[in-house]
Amino acid sequence: MSMSASKEHEKPQGKSQDPAIRVGFFQLFRFATKHDVLMMVVGSVCAVLHGSAQPLMLLVFGLLTDTFIEYDVELNELKDDRKECVNGTIQWRRNYTAGLNMSQPAWGIMNNSTWEMLNPLPGLPCGNLDIEYEMTKFAFYYVGIGVAVFFLGYFQISLWVTSAARQIQLIRRNYFGKVMRMEIGWFDCTSVGELNTRMSDDINKINDAIADQVAVFLQRFTTFVCGFCVGFVKGWKLTLVIVAASPLIGIATGLMALFVAKLTGLELQAYAKAGAIADEVLSAIRTVAAFGGEKKEVDRYDRNLVSAQQWGIRKGLIMGFFTGYMWFIIFLCYALAFWYGSGLVLDTNEYTPGTLLQVFFGVLIAAMNLGQASPCLEAFAAGRGAATTIFETIDREPEIDCLSEAGYKLDRVKGDIEFHNVTFHYPSRPEVKILDQLSVAVKSGETTAFVGPSGAGKSTAVQLIQRFYDPKEGMVTLDGHDIRGLNIQWLRSLIGIVEQEPVLFATTIAENIRYGRPGIAMEDIVAAAKEANAYNFIMDLPQKFETSVGEGGGQMSGGQKQRIAIARALVRNPRILLLDMATSALDNESEAVVQEALDKVRLGRTTISIAHRLSTIKNADVIVGFEHGRAVERGKHNDLLERKGVYFTLVTLQSQGDKALNEKAREMANTEEELEGLNMVRAGSYRNSLRASLRQRSRSQLSNLIPDSVSFSGDLGPRAYSLSRPEKSKMTVPEEEEEELVQPAPVSRILKYNAPEWPYMLFGSIGAAINGGVNPVYSLLFSQILATFSITDLEKQRQEIDNICLFFVLVGVISFFTQMLQGYAFSKSGELLTRRLRRLGFHAMLGQEVGWFDDHRNSPGALTTRLATDASQVQGATGSQIGMIVNSLTNIGVAIFMSFYFSWKLTMVILCFLPFIVVSGGFQAHMLTGFAKQDKAAMERAGRIAGEALNNIRTIAGLGKEKVFVEMFEAQLHVPYEAALKKANVYGACYGFAQCVIFFTNSASYRFGGYLVRHEGLHFSLVFRVISAIITAGQAMGRASSYTPDYAKAKISAARFFQLLDRPPLISVYSNKGDKWENFQGNIEFIDCKFTYPTRPDIQVLNGLNVSVKQGQTLAFVGSSGCGKSTSVQLLERFYDPDQGRVKYDTNVGSQGSQLSRGQKQRIAIARAIIRDPKILLLDEATSALDTESEKTVQDALDKAREGRTCIVIAHRLSTIQNSDIIAVMSRGYVIEKGAHDQLMALKGAYYKLVTTGAPIS
């Protein structure tokens, strides 16, 4: 067992590399039913037949070419007026010499042409070739193949996509079902983020690997095989010559892929450094702002962008080089093939011109399809990689199976729990021993408190009782039975647990309570709510029990969540109650209410309570002291104090300061006054108890729950928090809407930012324009070669062919240089733009006032992503995108101009088909990317349920609700499944259409071409010239149209960027306005300050704050959480400006305009900044997150630092502030009492009551 645990432990580390692929390709289909297999077989047959269509078309094309050439040769022969057509063959005219004047000597007339007539002609056929009839026949062939292709394409895609959808649904259900059965130890070793990624991305990768990509691969591979077959059968010599040159292209493609991958990796690595800096700076924005370090950080970020830029430019250059090289080789191949092939046609008569084309295009199409099949192989590899982890999880048997029916259920449960020599370490940290030979007994019906320092094993012991883990040695028993032998669902149903950070699910209050015990009546829910002291606040809500608590309970305050959780635990009527720090996250008032509820419900149940606040455990029947994973002492409160062990140390340390301070006061205090005191400091605890919960949580192991945007600067805490984990269902929608609502930025403005690079863009565009002209030039040369085959003069014919082949070589050389120019120039301009935008964006971000960062949309994570992706996406509207556009436009422009010039009528006919060709080209480019993106949206709701379940797996396991979540998840899978089935048909039809368009276009064009050749004397080579020019241009345009999403994305990204650059900050960081004084002393005065946080304008934080502190004095702010203590400090640092009133430094400092500029922030420093020799020292809860011992050490250091400086302290424990010169007690945003400690105690007002409750004050 421990072996598997340690293996599990290794897995997360290895996750950074992709898992080794251990799933064979055919194993991907392990979830296919017989029905699915049948669909896949039929789909495969269709794909293979479809793949043979293109080579079949070549055979028709060869015959068609031969027919045209034969017809043209006949026309050329008969233009010679010495020849005529007799009985279907071309012969010399018999009477040609009869009309000559024979009186002259015979030799005079016998010139060369007459001598020629003495040789008999080779009997060329004539008269029986009806070109229109022949073309009609070929047109029907094309239409026939086209119709077949449409249906084959439709079936091959729709059948494969349908079968994949059915299998993927099964995989999703099996995977999620198995994950929900895993033991908690497995979740410790597997991050929730990783599981969510697997649920969405990895399963989508499997989908890509078993859906349309298989059909497309089969189709392309068949075309590859058939193409070569056509080549070898029709003309093996030429095929071998062409194949001999192909390694040059293969090697180049391989090298290019290798280099690009390597350079992309280096570029990302280089940017990752800059990204890490951005993330670090944005996460600590308050510190950066307090030290005025914005400009320095922007420069540091910019320096790290340089290397990313250089790698990007190199990548562009290398891509340009290889693209150019490939075009060069391709044109050399054309030249070689036509030069050698024409020899086989003319000199040895082995081939007809049609055969030459069949062989040449057969090999070309084969090679192209092999290239196009390779992305499919990538999809298969990705799918197999993704399936490795998914299938391993599905096959893994959980060590503790929560849904297992095994194990027995006791008839009577008394509730005695005992640990027998239990040793335990977490699977995720096998080297750390948490429990060490722990032996402890918990009697039924008693309340036993576990106390001890953090990490002593208290919570672990509680988790072993729930059987989240099994001990490595020893055992835990319930009424004498080893709990490993009991039925796990039954065992957990006996236990009610209330945790420090209760988890509520995104549904109503009533449903949340019902999770405790399904199917209970409303009366029971109400009764449980009353017992948990929750009834009153629930009835005050507008929708009462039907109120939604929001995602993770985000709409409820800490105390409310806690009480709902208690009601949920009570409704189970548990025999055993586990209270794990149940009140630590609450402020005084909420704590008192919740504690009262807990005291009520403990009676008569076996209760185990873990607490850090000793006040909450004094009344326990037994207190067990833990240290280093062992129970070192047990007894009642007073016994343990006498023993002077672990418990004594904790008690003394915690209450020493407070006790000495308020011993006398406590004697005088009676209960009524205490309650009044509580009312005095209520101070908006409704929402603000969250802040304290954050502080507690920062100490607990749950620190990873804190979202990015939480700031620990006091009062901002709850607000940033309540906004960063708000009801996601409500929040995410607006966020996406906002992204949509951004008006795409005008290209002109994007180009303005790229203006300094105009020379690069100009040369890049020239290169792109020349590259665009290459396709039509190819059509020109290709048709010219066909024309040479009908020339009757052999000398002239040979010379023509040599010239054309040389021209091919020339075009190849030009192409090489222009591709390189285009690649380099545009990558240079694009990378410079990206760097410029990143720098400007980061500069603008750091220039915003601190309030801007409170908005959840501006969390460090979101902003870093924006810098990384938005800036590089803007390249999609300039740089290489301009190259693509210029390329496509010149391609289409030259092609159409050329076509109209040679035959406007034929051009008009083909242009009717152009839109369809473009659409089909775009569709095919889109196909290569697969369709998983659309499925993502459909999967969102299922994903939300899965996310909620995985994030809260401990709560769900404790409640035994795994099955419920599995069923909810499966119900949500129906929508994406239906969508996938609908998509299969649409997608199949689109694919079939895209594939068959070209056949119909050829059918109409060649038929009409035949008509023009016959009736209007158009040369047949021009028919080929016009058709190939427009069709290749159309396909290129289609491919370019597939880049339009990038273009649209770029404009939106740019718009978001410009929004950031255009936003004027409310407090300008970079401005140099405002006074700077030489003799700054440090007198501070708050005059009638009113303030609300920008993100929560409905909550008044400061409500007319008036307080001042003189040079060298210490002012302490006291009050319950949410009363505005930290806020006042942040106004002083000018993170925010007050809505009304003023903050003044020294005296006579004018109004708003002359307040300190941020440049003067150097004076106002944070605790660790003693180095700067500040005049003002701000200590915001400087020791609150420390345990009692560390606090003392740090406190001594701070006391030294305060000497002789103006100091403002916000404290969490009264013992830390009793020596302050002035103590200001705040409530609801204004000061209700101020004075020294003794004065305030004598007043017997709010301060006195706070002190006498003896608890932490926030």
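Quantities reported herein were computed from a predicted structural model and do not represent experimental measurements.

Q: How should I be thinking about the overall build of the protein in this particular structure?
A: For the protein, the helix and strand inventory stands at 44 helices and 21 strands. Taking all 1258 residues of the protein together, 54% fall into the buried category. Long-range pairs, those at least 24 residues apart, make up 81% of the contacts in the protein between residues at least 6 apart in sequence. For the protein, the computed accessible surface area is about 53700 Å², with 58% contributed by carbon and sulfur atoms.

Q: Can you help me understand the sheet that holds strand β13 (residues 1084-1092) in this one?
A: In a beta sheet, neighbouring strands are held together by backbone hydrogen bonds and run either parallel or antiparallel to one another. Taken together, the three strands give an open sheet; going across it, the order is β14-β13-β16, and neighbouring strands pair in antiparallel fashion. This sheet does not close on itself; its edge strands, each paired only once, are β14 (1100-1109) and β16 (1140-1145). The mean inter-strand angle of the sheet, taken between neighbouring strand axes irrespective of direction, is 15°. Bridging between β13 and β16 involves five bridges; their strand directions are antiparallel. Counted as the bridge partner of E1085 is K1144 from β16. Where helix α41 (residues 1125-1132) meets the sheet, its contacts fall on β13, β14 and β16, and the angle it forms with β13 comes to roughly 115°.

Q: Please explain the nonpolar core as it appears in this structure.
A: Nonpolar side chains tend to gather and get buried jointly when the protein is soluble and globular. By size, the foremost hydrophobic cluster in this structure holds 95 residues, and its most contacted members are I171, M180, I206, F391, I417, F419 and L478. Residue contributions to this core peak at 10 residues, all from helix α6 (residues 131-181). The residues touching I206, leaving out its near neighbours within four places in the chain, are L28, I168, I171, G383, A386, A387, I390 and F391. Within the second largest apolar cluster, 67 residues are counted, among which are L344, V345, V1026 and I1030.

Q: Any chance you could explain the side chain of E831 here in plain terms?
A: Position of E831 relative to the elements: it lies in helix α29 (residues 794-846). No salt bridge is formed by the buried E831, whose closest oppositely charged neighbour, K315, lies at an N-O distance of 5.8 Å. If we skip the residues at most four places from it in the chain, E831 touches E267, A308, Q309, G312, I313 and Q875.

Q: In this structure, what is going on with a nonpolar patch on the surface? I would like to understand it.
A: A contiguous nonpolar patch, built from W758, L762, F763, I766, I770, F807, L810, I814 and L821 and spanning about 850 Å² of accessible area, is present on the exposed surface. Residue placement: I766 occurs in helix α28 (residues 758-788).

Q: Could you clarify how one ought to interpret the environment of K1090 in this entry?
A: If you trace the backbone, K1090 turns up in strand β13. For the pair formed by K1090 and D1139, sequence separation is 49 residues and the distance between their alpha carbons is 5.5 Å. The residues touching K1090, leaving out its near neighbours within four places in the chain, are Q1100, L1102, N1103, G1104, P1138, D1139 and Q1140.

Q: Before we go on, may I ask you to explain the sheet that holds strand β5 (residues 447-451) in this structure?
A: With mixed pairing, six strands are arranged side by side in an open sheet as β8-β9-β10-β5-β11-β12. Either end of the sheet is taken by a strand with one partner, and the two such strands are β8 (495-498) and β12 (630-635). Strand-to-strand twist of the sheet, defined as the mean angle between neighbouring strand axes without regard to direction, takes the value 20°. Relative to strand β11 (residues 622-627), β5 runs parallel, the two being bridged by four bridges. Across the sheet, the residue bridging to A449 is I623, located in β11. Helix-sheet contacts for helix α19 (residues 558-570) involve β8 and β9 (576-580), and the interaxial angle to β8 is about 175°.

Q: Explain the pattern of salt bridges to me, please; I cannot follow it from the model alone.
A: Pairing is possible between side chains of opposite charge, provided their charged atoms come close. On inspection of all chains with the given rule, the structure shows 33 salt bridges. Here D401 and R181 are joined by a salt bridge, their closest N and O atoms 2.3 Å apart. Note that D401 is positioned in the loop between α13 (353-395) and β3 (417-424) and R181 in helix α6, a separation of 220 residues in sequence. Using a relative accessible area of 17% as the deciding quantity, one classes D401 as buried. A relative accessible area of 26% means that R181 is categorised as partly exposed. A salt bridge links D1062 to R749, with the shortest nitrogen-to-oxygen separation between them at 3.0 Å. Of this pair, D1062 sits in helix α40 (residues 1044-1062) while R749 sits in helix α27 (residues 747-753), placing them 313 residues apart in sequence.

Q: What is the right way to look at the pairing of strand β20 (residues 1222-1227) in this model?
A: Of all six residues making up β20, six are buried, and the element is well covered by its neighbours. In this structure, β20 lies alongside strand β21 (residues 1230-1235), joined through five bridges in antiparallel fashion. Across the sheet, residue A1224 finds its bridge partner in β21, namely K1234.

Q: Sorry if this is basic, but what is going on with the packing of aromatic side chains here?
A: By convention here, two paired aromatic rings are described through the distance between centres and the angle between planes. Applying the stated criterion across every chain yields a total of 53 aromatic pairs. Looking at R838, its charged tip hangs above the ring of Y271, at a distance of 3.8 Å from the centre. One cation-aromatic arrangement involves R1025 over F902; the distance from NZ or CZ to the ring centre is 4.7 Å.

Q: Help me understand unusual backbone geometry in this model?
A: Leaving glycine out, the prevailing phi sign among residues is negative, and the prevailing peptide bond configuration is trans. Residue R467 is not a glycine yet carries a positive backbone phi of 60°. Take R467: it is sitting in the loop between α14 (458-465) and β6 (473-478). Although it is not a glycine, H628 adopts a positive phi angle of roughly 50°. With respect to the helices and strands, H628 occurs in the loop between β11 and β12. A relative accessible area of 66% means that H628 is categorised as exposed.

Q: Would you mind showing me how to read the packing of α6 against helix α37 (residues 962-972) here?
A: Helix-helix packing is described using two parameters, namely the angle between the two axes and the distance between the axes. Their axes nearest at 10 Å, the elements α6 and α37 cross at an angle of 160°. Regarding the angle of α6 to α37, the classification is roughly antiparallel. In the packing of α6 onto α37, the handedness of the crossing is right-handed. Between α6 and α37, the residues in contact are R172, R173, F176, G177 and M180 and E962, F965, V966, F969 and E970, respectively. By residue class, the composition of the contact of α6 with α37 is five nonpolar, one polar and four charged.

Q: Would you mind showing me how to read the side chain of R838 here?
A: Secondary-structure assignment places R838 in helix α29. For the buried R838, no salt bridge is present, and the opposite-charge side chain at shortest range is E831, 5.9 Å distant. Beyond its immediate sequence surroundings of up to four residues, R838 is in contact with Y271, Y301, L305, L867, A868, A871, S872 and F1057.

Q: So what exactly am I meant to see when it comes to the confidence of the model for the protein here?
A: Interpretation of this model should avoid reading the predicted coordinates in detail wherever pLDDT is low. Confidence in the prediction of the protein, expressed as mean pLDDT, is 76, and 79% of residues score 70 or more. Within the model, pLDDT remains below 50 along residues 1147-1168, and this stretch shows 66 contacts once partners closer than five positions in the same chain are excluded. Every residue in residues 1254-1258 scores below 50 in pLDDT, and together they form 24 contacts with partners more than four places removed in sequence or on other chains.

Q: Please clarify how helix α38 (residues 974-1015) should be interpreted in this entry.
A: An α-helical segment advances 3.6 residues per turn. Residues three or four places apart therefore align on the same side. The terminal C-alpha atoms of α38, which comprises 42 residues, lie 62 Å apart, in line with the 62 Å expected from a rise of 1.5 Å per residue. A maximum bend of about 35° is found in α38 at C996. Backbone geometry just downstream of α38 places G1017 in the positive-phi region, at approximately 65°.

Q: What exactly am I supposed to notice about the environment of E350 here?
A: Here E350 lies in the loop between α12 (294-346) and α13. According to the relative accessible area criterion, E350 is partly exposed, its value standing at 40%. It is 8.6 Å that separates the C-alpha atoms of E350 and G235, two residues lying 115 residues apart in sequence. With sequence-adjacent residues up to four places away left out, E350 is seen in contact with K237 and L344.

Q: Sorry if this is basic, but what is going on with the environment of F782 here?
A: Tracing the backbone shows F782 in helix α28. For F782, a relative accessible area of 4% translates into the label buried. For F782, the residues in contact, after removing those within four places along its chain, are F61, F338, L357, F361, F808 and S1028.

About the thresholds
Residues numbered from 1 in each chain as written. Predicted model: local features only at pLDDT ≥ 70, side-chain atom pairs only at ≥ 80, totals over all residues. Heavy atoms only, no water. Helix = DSSP H or I, 4+ residues; strand = E, 2+ residues; numbered from the N terminus. Buried < 20%, exposed > 50% of the residue type's maximum accessible area, 1.4 Å probe, protein only. Contact = heavy atoms within 4.5 Å. Areas by Shrake-Rupley, 256 points an atom, 1.4 Å probe, with all protein chains shown as cover. Pairing = 2+ DSSP bridges. Axes fitted to C-alpha atoms, helices over the stretch in contact; angles between N-to-C directions. Core = buried A, V, L, I, M, F, W, Y, C linked by side-chain atoms within 4.5 Å. Lys, Arg positive; Asp, Glu negative; His and termini not counted. Salt bridge = Lys/Arg side-chain N within 4 Å of Asp/Glu carboxyl O. Patch = residues over 30% accessible without salt bridge, like charges linked within 9 Å, V, L, I, M, F, W, Y side chains within 5 Å. Phe/Tyr/Trp six-rings, centres within 6.5 Å; stacked < 30°, edge-to-face > 60°. Lys NZ or Arg CZ within 6 Å of the ring centre and 35° of its normal. Parallel < 35°, antiparallel > 145°, perpendicular 65-115°, else oblique. Left-handed = near helix turned anticlockwise from the far one by under 90°. Nonpolar A, V, L, I, M, F, W, Y, C, P; charged D, E, K, R; others polar. pLDDT = per-residue confidence, 0-100. Expected span 1.5 Å × (residues − 1). Bend = angle between axes of the 7 residues up to and from the residue.

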